[in-house]
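Residue strings, one per chain:
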Amino acid sequence: MADFGEILRNIGEFGLFQKITLFALCFPNLILPFHFASVFFIQSDPERHCNTDWILGADPNLTAQEQLNLTLPREEDGTFSRCRMFKPVDWNISTIRENGLNETTGCQNGWVYSKTLYQATIVTDFDLVCDQANSLQVAQTVLMAGILIGCLLFGPFAESFGRKRAAQIPFLLMLIFTVTTGLSPNFYFYLASQFMLGIGYGGYRLNGVILATEWIGMSRRSWGACVTQLFGAVGQCVLAGMIYFIRDWRLAQLVTAAPLAVIGVYLWFIPESARWLLERGRVEEAKHLIIKVAAINKRPVSESLLEKIVEKDTEQKGGIITLMKSAVLRKYFFTLILGWFSLNLTYYCLSFNVGNFGLDIFVTQLMFGLTELPAHILCIWLLEALGRKVSLMATLLIGGFVCLLILAVPQDNAVAITALATSGRFFTNWAGSVCNVYVQELFPTSFRQTASGLGSIASRAGGLLAPLLNMFAAYHWAIPTIVFSSLSLISGALSFLLPETRRRELPDSTDEAEGNRKQINLKIKYESNESSQSKSTKL
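One structure accompanies this document, and this report is about it.

## As for the packing of helix α18 (residues 361-385) against helix α20 (residues 414-442)
Line of reasoning, step 1. The geometry of α18 relative to α20 is characterised by a closest axis approach of 8 Å and an angle of 40° between their N-to-C directions. Classified by the interaxial angle, the pair formed by α18 and α20 is oblique. Crossing hand, α18 versus α20: right-handed. Where α18 abuts α20, its residues T364, M367, F368, T371, E372, P374, A375, H376, L378, C379, L382 and L383 lie against T418, A421, T422, R425, F426, N429, W430, S433, V434 and V437.
Line of reasoning, step 2. Here the contact of α18 with α20 is built from residues that sort into 13 nonpolar, 7 polar and 2 charged.

What follows is the structure in C-alpha cells.
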C-alpha cells in the first residue's frame, strides 16, 4: 500500500489546491482575535459616581455640582466617593440643605460614568465596578474556559466524524454566539454567550490547522501552523484599528459577525482530509478526492498509484489509553503540553494586561500584533533550517528570560516594560507555532487529533488560569511575572527530551511514532541512495 506521503509527492505536496485550502482555513484566524475585544479593551476602574437622580424629585432645577454635593460623601482626599452615596430620603430640598444627609449606602441605581476612553464596554454596560470589580476576571475566565471545552469536545469528535465537520460545526457556533454576545441584555446572558463562543473558537482553531496540515506534504508542513498564526497576528493589528474607530463593544461584536457569516458559506465546501478517510477505511472517497486534487494541481495520477491505495487494517483506537501505554509517547506528550501550557499562560497574562503597561492601549495592541508577524514568518523558515527541537527550546527559554527581566525594570518606566512584554509575547507566540507543528509530527494518525486536542486543552488551561494569576498582582505586582516566566524557563529546558521530527513523514502507527529517530535516519539514507541511483542511471 502507498503511504500518504508518497501520494502527496505524486499529486503535489504544496500545489494550487493546498494553497487555496490553506488560505481558506487560515483566513478566519484574521477575524478570531476580534472576539477578545470585549475583555481586552475595557477600563477596569473608570471615572464614575453613583446615580443620584432621586434628589431631582425634590428639586429638578439642581445643577450637577449641587446634586453631587448633596448626595455623595467625600473620600479622605476630598474627591467624591465612587462606590458610596447618601441613602435617599423622602424630604423636601430645603430640609436636605438644612440638615444634610449622613447615612451612606452602596450605589442603588447604578453609576454615571465620565471621561471614558470608550463609548461602551462590558464594565460600563454591566456595572462591573466596586463590589463587582472581580467580575471582569470572571468574564475573561469564562471565555477561556469555553475555548478549553471546545478543544476537549472537538478533538475526539474529529477522530470519529472527520476533520471537516469538526471545523465547520464550531465555526457555526462561533457565528451564532458572536451575535448573541453583542445583543446580551445582562451580564449572565453575556457570560453564557461568551462560553459558547469560546467552545466554537477552541474547536475551530484546533481542527482548522489539522485539516490544512494533513493535505500538505513533508517539505512544507510547517506552513499549516505558521500561516494560521500569521493570520492571527494580522488580526491582532486590525483589532487595534477596529476598536480605535468603533469604541462600542456591542457594535464591534456585530461588525465581527459580518465577515464570519461570509466565511461560513465557503467553509461548507472545504474537502475532507484524505489521510483521515484512508485511516477510516473509506478508500473510494479518498481516491475520488486524490484524483480531484491532482487535477487542480495539474499533476497526472498513475493507475499504479491508485491501485496501491487499498484498505488497510485500522490501528486499534485506544484514545488516551494508547498514549499512556507507550512510555516514549507519554514522555513526549507531557513534555510538550507543559511547554504549551506555559507559553499560553505567559501569552494571556501579558494580553489581559494590555491596558496596564502605561502606554496608549491602541499603540500597545498594534505593537503586539506587528511583532508577531516576523515571529511567524521566521518560524516558517527556521523550523526547516534549525528543526523543531532547537526552535522550541530557544523560544521558550528566551521568552521566559525576557519576561523575567520585567522584574528588573522600574514600574514607572512604561516604555521599557511594554518593550519587554511585547518581546515576551513575540517568543511565546513563536513557540506556539512550533508546538502546533510538533504535536502533529510526534503522534500517529489514529491518535493525532486526540493528542492535538489534549495539547490544546493544556494550552487553553494556561489561558484559563491567566486572569486568575493576574489577580495575585493585588498582593504583589511581581507574583504573576515570576510564575509564568519560571514555567517558561522550566518547560524550555525540558524540551531537550523531545526528538527532532524535521523532514519526516507523519507517522501512521504507534510503532512509527515510537521509532522516530530511526525513521529519520533511514529516510535520509533512502533518499540519498535513491538520488545517487538516479544520477547513475542518467549517466
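## Notes on the packing of helix α17 (residues 327-351) against helix α22 (residues 479-494)
For any two helices packed against each other, one specifies the inter-axial angle together with the distance between the axes.
Line of reasoning, step 1. The N-to-C vectors of α17 and α22 enclose an angle of 150°; their axes lie 9 Å apart at closest approach. By the angle between their directions, the pair α17 and α22 is classed as roughly antiparallel. As for the relative orientation of α17 and α22, their crossing is left-handed in sense. In contact with T335, L338, G339, F341, S342, L345, T346, C349 and L350 of α17, α22 contributes F484, L487, S488, S491 and L494.
Line of reasoning, step 2. Among the residues forming the contact of α17 with α22, the class breakdown is 8 nonpolar, 6 polar and no charged.

## Focus: the pattern of salt bridges
When their charged atoms lie close together, side chains carrying opposite charge are able to pair.
Line of reasoning, step 1. Within the structure shown, the criterion is met by 8 salt bridges.
Line of reasoning, step 2. Linking R82 and D45 is a salt bridge whose minimum nitrogen-to-oxygen distance equals 2.4 Å. Taken as a pair, R82 in the loop between α5 (64-71) and β2 (84-86) and D45 in the loop between α4 (37-40) and β1 (48-50) lie far apart in primary sequence, 37 residues in all.
Line of reasoning, step 3. Close ionic contact of E285 with R282 constitutes a salt bridge, the shortest N to O distance being 2.8 Å.
Line of reasoning, step 4. Salt bridges sharing partners connect three or more residues here, namely D45, E47, R48 and R82.

## Concerning α17
Line of reasoning, step 1. With 25 residues, α17 ought to run about 36 Å at 1.5 Å a step, and its terminal C-alpha atoms sit 36 Å apart, in line with that.
Line of reasoning, step 2. Counted residue by residue, α17 has 19 buried out of 25 residues, so it is predominantly covered.

## Quick look at the side chain of N207
Line of reasoning, step 1. Structurally, the position occupied by N207 is in helix α10 (residues 187-213).
Line of reasoning, step 2. A distance of 3.3 Å separates a polar atom in the side chain of N207 from the backbone oxygen of F154.

## Observations regarding the environment of S491
Line of reasoning, step 1. The topology assignment puts S491 in helix α22.
Line of reasoning, step 2. Residue S491 is classed as buried on the basis of its relative accessible area of 0%.
Line of reasoning, step 3. Linking S491 and L397, residues 94 residues apart in sequence, is a C-alpha distance of 8.1 Å.
Line of reasoning, step 4. In contact with S491, other than residues within four places in its own chain, are L338, G339, S342 and L396.
Line of reasoning, step 5. In terms of polar contacts, S491 uses its side chain to reach the backbone carbonyl oxygen of S488, at 3.1 Å.

## Side note on the state of the cysteines
Line of reasoning, step 1. For the coordinates displayed, the defined rule picks out 2 disulfides.
Line of reasoning, step 2. Each sulfur of the disulfide joining C50 and C107 lies 1.8 Å from the other. Between C50 and C107 the sulfur-sulfur dihedral comes to about -60°; the bridge is accordingly left-handed. Of this pair, C50 sits in strand β1 while C107 sits in the loop between β3 (104-106) and β4 (111-113), placing them 57 residues apart in sequence.
Line of reasoning, step 3. Note on C50: relative accessible area 0%, which makes it buried.
Line of reasoning, step 4. Of the residues examined, C107 reaches a relative accessible area of 17% and is grouped as buried.
Line of reasoning, step 5. Numbered in order of appearance, the disulfide-bonded cysteines of the chain are paired 1-3, 2-4.
Line of reasoning, step 6. C349 supplies the cysteine sulfur nearest to C403, a cysteine that is in no disulfide, at a spacing of 9.4 Å.

## Describing unusual backbone geometry
Line of reasoning, step 1. Its identity is not glycine, yet D127 carries a phi of approximately 55°, on the positive side.
Line of reasoning, step 2. On the secondary structure map, D127 appears in the loop between α7 (122-126) and α8 (135-161).
Line of reasoning, step 3. A relative accessible area of 23% means that D127 is categorised as partly exposed.
Line of reasoning, step 4. With phi around 55°, K298 is a residue other than glycine that occupies positive phi space.
Line of reasoning, step 5. With respect to the helices and strands, K298 occurs in the loop between α14 (283-296) and α15 (303-308).

## Some remarks on the packing of aromatic side chains
Line of reasoning, step 1. A full pass over the atoms with the stated rule returns 27 aromatic pairs.
Line of reasoning, step 2. For the ring pair F41 and F362, a centre distance of 6.0 Å and an interplane angle of 15° mean the geometry is stacked. Separated by 321 residues along the polypeptide, F41 in the loop between α4 and β1 and F362 in helix α18 bring together distant segments of the chain.
Line of reasoning, step 3. Residues F126 and Y190 carry aromatic rings whose centres are separated by 5.7 Å and whose planes lie at 45° to one another, so their mutual orientation is tilted. Taken together, the residues span a long stretch of sequence, with F126 in helix α7 and Y190 in helix α10 at a distance of 64 residues. For the pair F126 and Y190, a shared accessibility class is recorded, and that class is buried.
Line of reasoning, step 4. Joined through ring pairs, the aromatic side chains of F36, F40, Y201, Y347 and Y348 make up one cluster.
Line of reasoning, step 5. A cation over a ring is seen here: R74 above F80, with NZ or CZ 4.0 Å from the ring centre.
Line of reasoning, step 6. The ring of Y244 has R247 lying over it, and the distance from NZ or CZ to the ring centre is 4.8 Å.

## Observations regarding the side chain of T228
Line of reasoning, step 1. Locating T228 in the fold gives a position in helix α11 (residues 222-245).
Line of reasoning, step 2. A residue is classified by how much of its surface remains accessible, and T228, at 5% relative accessible area, is buried.

Rules behind the numbers
Residues numbered from 1 in each chain as written. Predicted model: local features only at pLDDT ≥ 70, side-chain atom pairs only at ≥ 80, totals over all residues. Heavy atoms only, no water. Axes fitted to C-alpha atoms, helices over the stretch in contact; angles between N-to-C directions. Helix = DSSP H or I, 4+ residues; strand = E, 2+ residues; numbered from the N terminus. Parallel < 35°, antiparallel > 145°, perpendicular 65-115°, else oblique. Left-handed = near helix turned anticlockwise from the far one by under 90°. Contact = heavy atoms within 4.5 Å. Nonpolar A, V, L, I, M, F, W, Y, C, P; charged D, E, K, R; others polar. Salt bridge = Lys/Arg side-chain N within 4 Å of Asp/Glu carboxyl O. Expected span 1.5 Å × (residues − 1). Buried < 20%, exposed > 50% of the residue type's maximum accessible area, 1.4 Å probe, protein only. Polar contact = N/O pair within 3.5 Å; in protein donor to acceptor, adjacent residues only side chain to side chain. Disulfide = S-S within 2.5 Å. Phe/Tyr/Trp six-rings, centres within 6.5 Å; stacked < 30°, edge-to-face > 60°. Lys NZ or Arg CZ within 6 Å of the ring centre and 35° of its normal.

Just distances and angles here, no functional claims.
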